[in-house]
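Now for the letters of each chain:
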Amino acid sequence: MMRTPRWISRHLAAVRALVFFTVLLGLLYPLAITGVAQLPGLRDNANGSLIEVDGKPVGSSLIGQSFTDADGSPVKKYFQSRPSASGYDPDATAAGNLGPESIEDTLGDPALDPNSADGDGSKQALLTQVCARSKAVGELEGVDGSRPYCTADGVGAVLRVFYTDGLSGKVTRAVSVNQACPATPFLPSYEGVAVECAKFGEDYRKGVLVPVRGSAPEQPAVPADAVTASGSSLDPHISVDYAELQAERVASARGVPVDKVTALIAEHTTGRALGFMGEPAVNVLELNLALDRIQ
Amino acid sequence: MSTTTAGVLFILSLIAALAVAYRYLGDYMFRVVAGERHHRVERGIYRVLGVDPDAEQSWGVYARSVLAFSLISILGLFAFLRLEDLIFKVPDFATPIGERVFPHLAWNTAVSFVTNTNWQAYSGEAAMTHFVQMAGLAVQNFVSAAVGIAVAVALVRGFARRRSEQLGNFWVDLTRIALRILLPLSVVAAVVLLVGGVVQNLTDGTTLSTLTGAQQHITGGPVASQEVIKELGTNGGGFYNVNSAHPFENPNAWTDWLEIFLLTVIPFSLPRVFGRMVKDNRQGYAILAVMAIIAVASVALTNVFELGHAGTVSQAVGAALEGKDIRFGVSNSATFAAATTLTSTGAVNSFHDSYTALGGMMPIVNMMLGEVAPGGVGSGLYGMLVIAVITVFVAGLMVGRTPEYLGKKIGAREIKFASMYFLITPALVLTGVAAAMATGHWQTQLNVGPHGFSEVVYAFTSAANNNGSAFAGITVNTPWWDTALGLAMLLGRFLPLIFVLGLAGSLARQAPTPASAGTLPTDKPLFIGMVVGVVVILVALTFLPALALGPLAEGL
């Protein structure tokens, strides 16, 4: 009888090893953990930390929600969550992924309908997203929504500056690239040259990108987490600052004293774990549910 | 307490926990891999596999066993991914498998998980059934980690043995590491994560009406069992698209701490195994010191850059908070980012693409260092030992003596293996980036300018170093990207691994040379400093031009 060649027996051992480890580590292990997970005490966690109201689940204490109406406008009696790249859809979690120098928008084609299925081809840079959110939150909460590097109309304050010698020399032209005509540029002139608004279809790439800081305060009234999207797109929390900013609006929408709302914020603020892990945070869903309960 | 103080305490507490684990987990792992006796259950397993546990293997046979097991794993996982809808179709996707897991994606994913990379060109909740996640992907999380540790142990045997052709038995190493190290630790840590709120069920989840009346689908899945081994085995493949940023994978600040601990604990404890096996614990401490110096510097720099929030958008926001969740905050996110790229994990709890220019450069640099501080499970130790070999060679050239390390002469054959090991990854990274830029495939990037180039550099650096994290804006689920990155992962894993085993074989064959006055002591600060220097200088020389066009151009 011939012996099985070495290389064949080696691969047969590999097949048997893969099958064995699949049964042990791919079936028995996860099933055993699932068994443990479904024991009382762990079961609620293992099934998604659901919160029920009148016997019906209304959310998970770990997963954020949008507190907006059908049109996407904030519901004023609820604390608002952070911006989210997925719209708080756990079936499509995603981050925005735009970088720290994403400051130049792609303008839409004025011949196309921005509300059509394909849109008008416009793309907002991260800076304009931040500026627009800041302006909107400022208006909603009745505070100054201005930020550094943002225009008053809520886009990134960014110029393309053209020089006589490419990167140096005298300024020959300056365009506010994120402000589509007929908008009024946020700066009337740059180094003596009148600033133009941006026209769709013009190629400004020969100009140098110059973000303009402007005179906005170092500490804007709208907190950082209100203008940035989270990594998970399901962030259940907002910062204590953002919660306190919203307290007055929520209180007046509900007709309850502000003190009562701020007391609830304090009650639903989790400090750092063991005093030093993570950051203090307010669980938005739990806070909103508590508000619903007192009314 | 200020954010900075809390962030520093977070790092110090991790260091303290890792220091405790070094001794105890290190000694335990040493007993597992060095033990002479086979457990009765394990004997049964060897019978099932049809292998003789007492037959030791030469480096060639050991390497061929690793390759056979990995080849079968890739083929098996590829088939599984293409057929996943046949059984236990939960969740039941609207899109059929043929339009969801394309052949190029299945190839990329199979290679990715078998090479311990866990690069993911798919979104977990949109493409994978629970069954393929737990019985396909998570199995490779265990065994690819075990393969890495086994090869590291084989290299250490090369240093420890004299006049021997044998490096141990791959099947025994694989079985023991999976069963006695990875599995028990996973069971314990999975239960702890469950307490923290990680989900673990086999259902399709719950669809509910939110407070404002919208529909929300709360997803289910066997997450905790996979989350643990994803970190512990320095794999990094998330159950969900947003990985460890997802509240169901990483619900709060202390599970975040635990996950960072899990992904660093084995790589940082393996130098202890090395020290015990070569019968000189100080050699283990020296390797640990090199790893720790680089790691602490990198974690600190990433924190400084992120908390400093330079750059136009971060300045407008007032913090580098885009792509980060509130419960972790900026500092702990930065620490996670550094830890996941210093090891070969690639799990993320925040999105590196939106980091500040220099903060986002740190993960790239960490991977470019070759992931040796502390590196992936096993691959970190063997990578660092190869660099130690190169260091004694460089030191030998300086004083004109034949270099030796642990009594073994580093001759022409040894330094050839070591050099080829070192050169393969930069070659893959730079060739891949050049190919993407030359062929127009870079155009799938999301960002423009230097940051878009950084996305391309990050992708190939991550694939060739078997990390798996990404500047995730770039779209990589195309035939070209899936194929190219699949090749980078495959060659970036198995060529170095063959060179390591070749080096091990030629070291084991030697009789030890007694130390002389000209021998460089390899357990002293001088040596530690030299190894750190070699790591940094080699990487700087290789990659500075690429970095200058990407993150440095953006950040300076």
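Residues numbered from 1 in each chain as written. Chains lettered and ligands numbered in written order. Predicted model: local features only at pLDDT ≥ 70, side-chain atom pairs only at ≥ 80, totals over all residues. Heavy atoms only, no water.

A.B. asks: So what exactly am I meant to see when it comes to the state of the cysteines here?
C.D. replies: Residues and elements named next belong to chain A. In total, this model carries 2 disulfides over all chains according to the counting rule given. In this model Cys-131 forms its disulfide with Cys-150; the gap between the sulfur atoms is 2.0 Å. On the sign convention where negative is left-handed, the bridge of Cys-131 and Cys-150, at about -80° about the S-S bond, is left-handed. Placement of the pair is Cys-131 in helix H3 (residues 126-141) and Cys-150 in the loop between H3 and strand S3 (158-165), with a sequence separation of 19 residues. Exposure remark for Cys-131: the relative accessible area of 2% places this residue in the buried category. Sequence-ordered numbering of the bonded cysteines in chain A yields a pairing of 1-2, 3-4. (Disulfide = S-S within 2.5 Å. Helix = DSSP H or I, 4+ residues; strand = E, 2+ residues; numbered from the N terminus. Buried < 20%, exposed > 50% of the residue type's maximum accessible area, 1.4 Å probe, protein only.)

A.B. asks: Help me understand the pairing of strand S1 (residues 206-209) of chain B in this model?
C.D. replies: On any regular strand, side chains alternate: one points to one face of the sheet, the next to the other face. All names here are of chain B. As judged from the 4 bridges shared by S1 and strand S2 (residues 215-218), these two strands associate in the antiparallel manner. Bridge assignment links Leu-208 to a residue of S2, and that residue is Gln-216. Between S1 and S2, which pair antiparallel in sequence order, lie 5 residues; one of them, Gly-213, sits at a positive phi of approximately 90°. (Pairing = 2+ DSSP bridges.)

A.B. asks: In this structure, what is going on with the pattern of salt bridges? I would like to understand it.
C.D. replies: Once the charged atoms of two side chains with opposite charge are near each other, the side chains can pair. Taken as a whole, this structure holds 29 salt bridges over all chains when the rule is applied. When the shortest N-O distance is used, the salt bridge between A:Arg254 and A:Asp292 registers 2.9 Å. Separated by 38 residues along the polypeptide, A:Arg254 in helix H4 (residues 240-254) and A:Asp292 in helix H6 (residues 284-294) bring together distant segments of the chain. Among the ionic pairs, A:Arg272 bridges to A:Glu279, the shortest N-O distance being 3.1 Å. Exposure remark for A:Arg272: the relative accessible area of 16% places this residue in the buried category. The class for A:Glu279 is buried, based on a relative accessible area of 18%. Via salt bridges that share partners, B:Arg23, B:Asp27, B:Arg272 and B:Arg276 belong to a single interconnected network. (Salt bridge = Lys/Arg side-chain N within 4 Å of Asp/Glu carboxyl O.)

A.B. asks: How should I be thinking about the interface of chain A and chain B in this particular structure?
C.D. replies: Note: interface size is frequently given as the accessible area lost on complex formation between the parts. Taken together, the 94 residues of chain A in the interface contact 101 residues of chain B. Buried surface at the junction of chain A and chain B, summed over both partners, amounts to about 7700 Å²; 68% is from carbon and sulfur atoms. It is A:Tyr29, A:Asn97 and A:Pro100 that lose the most area in chain A upon contact with chain B, and together they represent 9% of the buried surface on that side. Counting across the chain A and chain B interface gives 1 salt bridge. In this structure, A:Arg133 and B:Glu322 form a salt bridge, with 3.9 Å as the shortest nitrogen-oxygen distance. (Contact = heavy atoms within 4.5 Å. Buried area = accessible area lost by both parts, 1.4 Å probe.)

A.B. asks: Help me understand the packing of aromatic side chains, please; the structure alone is not making it clear to me.
C.D. replies: What describes a pair of aromatic rings is the distance from one ring centre to the other and the angle between the planes of the rings. Residues and elements named next belong to chain B. One pass over the structure, following the stated rule, counts 21 aromatic pairs over all chains. Measuring from centroid to centroid gives 6.2 Å for Phe-69 and Phe-170, while their planes differ by 55°, and the two rings are tilted. In this pair, Phe-69 sits in helix H3 (residues 59-82) while Phe-170 sits in helix H8 (residues 170-196), placing the two residues 101 residues apart along the sequence. Given a relative accessible area of 0%, Phe-170 falls into the buried group. Look at Trp-480 and Trp-481: their rings are 5.1 Å apart centre to centre, the planes differ by 90°, and that puts the pair in the edge-to-face class. (Phe/Tyr/Trp six-rings, centres within 6.5 Å; stacked < 30°, edge-to-face > 60°.)

A.B. asks: In this structure, what is going on with the side chain of A:Gln246? I would like to understand it.
C.D. replies: Residue and element names in this part refer to chain A. In this structure, Gln-246 sits in helix H4. Taking the relative accessible area as the measure of exposure, Gln-246 reaches 0% and is therefore buried. Every residue in contact with Gln-246, bar those within four places of it in the chain, is listed here: Tyr-78, Phe-79, Gln-80, Glu-141 and Ile-238.

A.B. asks: What am I meant to see in the packing of H4(A) against helix H5 (residues 258-267) of chain A here?
C.D. replies: Residues and elements named next belong to chain A. One can describe the packing of H4 onto H5 by two numbers: an axis separation of 9 Å at closest approach and a directional angle of 140°. You can see that H4 and H5 cross each other, and the crossing is right-handed. Residues Ala-243, Glu-244, Ala-247, Glu-248 and Ala-251 of H4 lie in contact with H5, whose contacting residues are Val-258, Val-261, Thr-262 and Ile-265. Within the contact of H4 with H5, the residues separate by chemical class into 6 nonpolar, 1 polar and 2 charged. (Axes fitted to C-alpha atoms, helices over the stretch in contact; angles between N-to-C directions. Left-handed = near helix turned anticlockwise from the far one by under 90°. Nonpolar A, V, L, I, M, F, W, Y, C, P; charged D, E, K, R; others polar.)

A.B. asks: When you look at empty space enclosed by the protein in this model, what are you seeing that I'm missing?
C.D. replies: With a probe scaled to a water molecule rolled over the atoms, the places where space remains empty come into view. One pass over the full model with this rule turns up 4 cavities of 30 Å³ or more. Roughly 320 Å³ of internal volume is contained in the largest cavity. In terms of lining residues, the largest cavity is bounded by 24 residues, among which B:Gly370, B:Glu371, B:Tyr421, B:Thr425 and B:Asn465 are the most central. Going through the elements one at a time, helix H14 (357-368), helix H15 (379-399), helix H16 (412-439), helix H18 (479-509) and helix H19 (525-549) of chain B are the ones with two or more residues in the lining of the largest cavity. Looking at side-chain class alone, the lining of the largest cavity contains 13 nonpolar, 9 polar and 2 charged residues. Empty space within the second largest cavity amounts to approximately 50 Å³. Surrounding the second largest cavity, 13 residues form its lining, A:Leu126, B:Val313, B:Ser314, B:Glu322 and B:Ser354 being those nearest its centre. Among the elements that line the lining of the second largest cavity, the one with the most residues is helix H12 (residues 312-317) of chain B, at 3 residues. (1 Å grid on protein atoms, 1.4 Å probe; cavity = no way out; pocket = protein on both sides within 12 Å on 5 of 7 lines; lining within 4 Å. Points joined across faces, edges and corners; volume = space filled by probe spheres on them.)

A.B. asks: Can you help me understand the layout of surface pockets in this one?
C.D. replies: Estimates place the volume of the largest pocket at around 1100 Å³. A:Glu104, A:Asp105, A:Thr106, A:Arg160 and B:Val448 are the residues nearest the centre of the largest pocket, which is lined by 36 residues in total. Secondary structure elements with two or more residues in the lining of the largest pocket: strand S7 (208-211) of chain A together with helix H17 (450-464) and helix H20 (551-555) of chain B. Across the lining of the largest pocket, the residue classes tally to 15 nonpolar, 11 polar and 10 charged. The computed volume of the second largest pocket comes to approximately 700 Å³. Taken together, 26 residues make up the lining of the second largest pocket; nearest its centre are A:Ala224, A:Asp241, B:Gly318, B:Ala319 and B:Leu321.

A.B. asks: Any chance you could explain the sheet that holds S3(A) here in plain terms?
C.D. replies: Sheet strands line up and pair through hydrogen bonds in the backbone, either parallel or antiparallel. Residues and elements named next belong to chain A. Taken in spatial order, the 5 strands make up an open sheet running S5-S6-S4-S3-S7, and their pairing is mixed. Among the strands making up the open sheet, the edge pair consists of strand S5 (189-190) and S7. For S3 and S7, the ladder comprises 4 bridges, and the chain directions are antiparallel. Counted as the bridge partner of Leu-159 is Val-210 from S7.

A.B. asks: Just checking my understanding: could you explain the side chain of B:Thr210 for this structure?
C.D. replies: Tracing the backbone shows B:Thr210 in the loop between S1 and S2. Residues within four places of B:Thr210 in sequence aside, it is in contact with A:Val58, A:Gln65 and B:Gln216.

A.B. asks: In this structure, what is going on with the domain arrangement of chain A? I would like to understand it.
C.D. replies: All names here are of chain A. Looking at chain A, the domain boundaries give domain 1 (47-94 + 229-295) and domain 2 (97-223). Relative placement of domain 1 and domain 2: their C-alpha centres are 31 Å apart. If you look at the interface, domain 1 gives 11 residues, while domain 2 gives 8 residues. Summing the contributions of domain 1 and of domain 2, the shared interface buries around 710 Å²; its carbon and sulfur component is 71%. When the area that domain 1 buries against domain 2 is broken down by residue, the three leading residues are Tyr-242, Leu-245 and Arg-249, summing to 58%. Across the domain 1-domain 2 interface, the total number found is 1 salt bridge. (Domains from an automatic or database assignment.)

A.B. asks: Where do I start with the sheet that holds strand S10 (residues 281-283) of chain A in this structure?
C.D. replies: All names here are of chain A. The 3 strands lie next to each other as S8-S10-S9, forming an open sheet whose pairing is antiparallel. With one partner strand each, in any of the chains shown, strand S8 (237-238) and strand S9 (269-270) form the two edges of the open sheet. Each of S8 and S10 is contacted by H6, which is oriented at about 55° to S10, the strand it contacts most.

A.B. asks: Before we go on, may I ask you to explain helix H10 (residues 253-277) of chain B in this structure?
C.D. replies: Residue pairs spaced three or four apart in an α-helix point in one direction, given the helix's 3.6 residues per turn. All names here are of chain B. Taking 1.5 Å of rise per residue, 25 residues should cover 36 Å, and H10 covers 37 Å from first to last C-alpha, within 8% of that figure. Of all 25 residues in H10, 23 are buried; the element is thus mostly enclosed. The N-cap residue of H10 is Asn-252: its side-chain oxygen and the backbone nitrogen of Trp-254 are 3.0 Å apart. Residue Lys-279 follows H10 closely and has a positive phi angle near 60°. (Expected span 1.5 Å × (residues − 1). Polar contact = N/O pair within 3.5 Å; in protein donor to acceptor, adjacent residues only side chain to side chain.)

A.B. asks: Help me understand the nonpolar core, please; the structure alone is not making it clear to me.
C.D. replies: In summary, soluble globular proteins display a tendency toward joint burial of nonpolar side chains. Judged by nonpolar contacts, the single largest core of 202 residues is most densely connected at A:Phe21, B:Phe69, B:Trp171, B:Leu182, B:Ile266, B:Tyr405 and B:Phe460. Counting residues per element, this core draws most heavily on helix H7 (residues 130-160) of chain B, at 20 residues. (Core = buried A, V, L, I, M, F, W, Y, C linked by side-chain atoms within 4.5 Å.)

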